[in-house]
Amino acid sequence: LDLEQAQALRHGDGLVLEDGRVIKVLALPEPLTEVRGRDSTHLIALAYQIGNRQLEAQIEEDRILIRRDHVISDMLRGLGARVSDIEEVFEPEAGAYGHHH
């Protein structure tokens, strides 16, 4: 694939070919850790701890997804988080400089 400008492709995006056909971008699931808090305030505090360690995170309304790391999982459990190993497509937040690809 040779685009005029670099473009981030995310799960579910489509590429339109010259003949009009569309190729759908599908990301593979990867090993992740799902982090849940007691309530929204607790989840925000957990997000702070994750961000303070410069970890990529997918932040959702009721959970945070991070790449598996047993040390971080143990730390989060110690802070009262419910932590589960899962496999899903990972789409972390782009961050402050994420718009430049």
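To be clear, the structure that these remarks concern was listed above.
Note that the coordinates shown come from a computational prediction; the quantities given were computed from them, not determined experimentally. (Residues numbered from 1 in each chain as written. Predicted model: local features only at pLDDT ≥ 70, side-chain atom pairs only at ≥ 80, totals over all residues. Heavy atoms only, no water.)

Visitor: Give me helix H2 (residues 70–78): which residues, what numbers.
Guide: All of the buried residues in H2 are Ile72, Ser73 and Leu76. One side of H2 carries all its buried residues, which in axial view fall inside an arc of 100°. Across H2 from its buried face, at more than 90 degrees, point the exposed residues His70 and Gly78. Considering only its buried residues, H2 is in contact with strand S3 (30–36), helix H1 (40–52), strand S5 (64–67) and strand S6 (82–88). Backbone nitrogen of valine 71 and a side-chain oxygen of the N-cap are separated by 2.9 Å at the start of H2; the cap is aspartate 69. (Buried < 20%, exposed > 50% of the residue type's maximum accessible area, 1.4 Å probe, protein only. Helix = DSSP H or I, 4+ residues; strand = E, 2+ residues; numbered from the N terminus. Arc of directions from axis to C-beta. Contact = heavy atoms within 4.5 Å. Polar contact = N/O pair within 3.5 Å; in protein donor to acceptor, adjacent residues only side chain to side chain.)

Visitor: Talk me through the nonpolar core; I want residue IDs and the actual numbers.
Guide: Among the nonpolar cores identified, the biggest contains eleven residues, and these are Val35, Leu43, Leu46, Ile50, Ala57, Ile64, Ile66, Ile72, Leu76, Ala81 and Val83. Every element with two or more residues in this core is listed here: H1, S5 and H2. Ranked by the residues each element gives to this core, the list is headed by H1, at three residues. Those residues in contact with leucine 46 that lie beyond four places of it in its chain are Val35, Arg36, Gly37, Ile64, Leu76, Leu79 and Ala81. (Core = buried A, V, L, I, M, F, W, Y, C linked by side-chain atoms within 4.5 Å.)

Visitor: Quick one: what's the story with the environment of histidine 42, residue by residue and with numbers?
Guide: Mapped onto the elements, histidine 42 comes out in helix H1. Sequence separation between histidine 42 and alanine 27 is 15 residues; the distance between their C-alpha atoms is 30 Å. The residues contacting histidine 42, other than those within four sequence positions of it, are Gly37, Leu79, Gly80 and Ala81.

Visitor: Break down the pattern of salt bridges for me, citing the residues and quoting the values.
Guide: Oppositely charged side chains may form a pair once their charged atoms are brought near each other. In this structure the tally under the stated criterion is eleven salt bridges. For glutamate 88, the salt bridge identified is with arginine 63, shortest N-O distance 2.8 Å. Taken together, the residues glutamate 88 in strand S6 and arginine 63 in the loop between strand S4 (58–59) and S5 connect sequence positions 25 residues apart. For glutamate 88, a relative accessible area of 27% corresponds to the partly exposed category. For aspartate 85, the salt bridge identified is with arginine 68, shortest N-O distance 3.8 Å. Linking aspartate 85 in strand S6 with arginine 68 in the loop between S5 and H2, this pair joins segments that are 17 residues apart in sequence. Using a relative accessible area of 53% as the deciding quantity, one classes aspartate 85 as exposed. By sharing partners, the salt bridges in this structure join Glu34, Arg36, Glu60, Asp62, Arg63 and Glu88 into a single network. (Salt bridge = Lys/Arg side-chain N within 4 Å of Asp/Glu carboxyl O.)

Visitor: Mind laying out the side chain of glutamate 34, listing which residues take part and the relevant values?
Guide: On the secondary structure map, glutamate 34 appears in strand S3. Looking at glutamate 34, its side chain comes within polar contact range of the side chain of arginine 36, at 3.2 Å. Setting aside residues up to four positions removed in sequence, glutamate 34 forms contacts with Arg63, Ile64, Leu65, Arg82, Val83, Ser84 and Ile86.

Visitor: How would you sum up the sheet that holds S6? Please name residues and give values.
Guide: The four strands are arranged S4-S5-S3-S6 in an open sheet whose pairing can be described as antiparallel. Edge positions in the sheet fall to S4 and S6, since each of these pairs with one other strand and no more. Alignment of S4 against S5, held across two bridges, turns out to be antiparallel. Residue pairing across strands places glutamine 58 opposite leucine 65, the latter belonging to S5. Contacts from H2 reach S3, S5 and S6, with the element oriented near 140° to S6. (Pairing = 2+ DSSP bridges. Axes fitted to C-alpha atoms, helices over the stretch in contact; angles between N-to-C directions.)

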